[in-house]
Amino acid sequence: MSRLTHIPAPDGVAPGAGYTHVVTGRGRLVAISGQIALDEAGELVGAGDAGAQARQVFLNLSRCLAAAGATFDDVVKLTYYVTDIADLPAVRAARDAYVDTARPPASSAVRVAGLVRPDLLLEVEAFALVP
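Numbering of residues starts from 1 in each chain and follows the order in which that chain's sequence is written. Given that the model is predicted, a residue must reach a pLDDT of at least 70 before its local features are reported, and side-chain atom pairs must reach 80 or more before they are shown or counted; all residues, however, enter totals for whole chains, interfaces and linings. Processing note: side-chain calculations cover all non-hydrogen atoms of the structure and skip hydrogens and water entirely.

Colleague: Could you give me a rundown of the pattern of salt bridges, with the residues and numbers involved?
Modeller: Proximity of charged atoms lets side chains of opposite charge pair with each other. What makes a salt bridge here is a side-chain nitrogen of Lys or Arg within 4 Å of a carboxyl oxygen of Asp or Glu, nothing more. Enumeration according to the criterion identifies four salt bridges in this entry. Across the pair Arg 3 and Asp 74 runs a salt bridge, and its minimum N-O distance is 2.5 Å. Remark: Asp 74 occurs in the loop between helix H1 (50-67) and strand E4 (75-82) and Arg 3 occurs in the segment before strand E1 (5-7); sequence separation between them is 71 residues. According to the relative accessible area criterion, Arg 3 is partly exposed, its value standing at 30%. Exposed residues in this analysis have more than 50% of their type's maximum accessible area, buried residues have under 20%, and partly exposed residues fall in between, with area computed by a 1.4 Å probe over protein chains only. A relative accessible area of 10% places Asp 74 in the buried class. A salt bridge links Arg 95 to Asp 96, with the nearest nitrogen and oxygen atoms 2.6 Å apart. We classify Asp 96 as partly exposed; its relative accessible area is 35%. Secondary structure counts use DSSP, requiring at least four H or I residues in a row for a helix and at least two E residues in a row for a strand, with both numbered from the N terminus.

Colleague: Run through the packing of H1 against helix H2 (residues 88-96), naming residues and quoting values.
Modeller: Axis definition: a line fit to C-alpha positions, over the contact stretch in the case of helices; interaxial angles, taken between N-to-C directions, run 0 to 180 degrees. Their axes nearest at 8 Å, the elements H1 and H2 cross at an angle of 35°. Between H1 and H2 lies a crossing whose hand is right-handed. Listed contacts from H2 to Ala 50, Gly 51, Ala 54, Arg 55 and Phe 58 of H1 are Ala 90, Val 91, Ala 94 and Arg 95. For a crossing to be left-handed, the near helix must be turned anticlockwise from the far one by less than a right angle; the clockwise case is right-handed. Pairs of residues are marked as contacts when any of their non-hydrogen atoms sit within 4.5 Å.

Colleague: Can you lay out the pairing of strand E5 (residues 106-111) for me, pointing to particular residues and giving the numbers?
Modeller: Criterion used throughout: strands pair if DSSP finds at least two bridges between them. Of the strand pairs in this sheet, E4 and E5 are connected by six bridges, and their pairing is parallel. Looking at the pairing, Leu 78 lines up with Ser 107 of E5. With respect to chirality, the unit in which E4 leads through H2 into the neighbouring parallel E5 is right-handed. Think of it like this: strands point away, you trace from the first strand over the helix to the second, and a clockwise trace means the crossover is right-handed.

Spelled out as structure tokens, the structure:
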């Protein structure tokens, strides 16, 4: 049994599609800065390809979580910054390779005019609770 409690649809709130409205738990807070599609050498992965960029972003998030002694099972919140909302299905597909889709984390998606570099299509930050 998970030490996190997922409340997918609180009373009076419509259920979300692919996210949980409320995730609570106890533990050490881990904040992961927004990750972008750069590999370990600092090179862009997936120029113009939201799916390839998302896969690199989630790989980076996984590595950051591991550095804190965490996994995606500990993630309580993801925030997506995308330059095109139409890319969200590709982002979710990449996410689904890492999270338990039956108990997804709380999430927010924000369309932005641009990111730190014009060739970046998304950035994702995470918050986790680690026992």
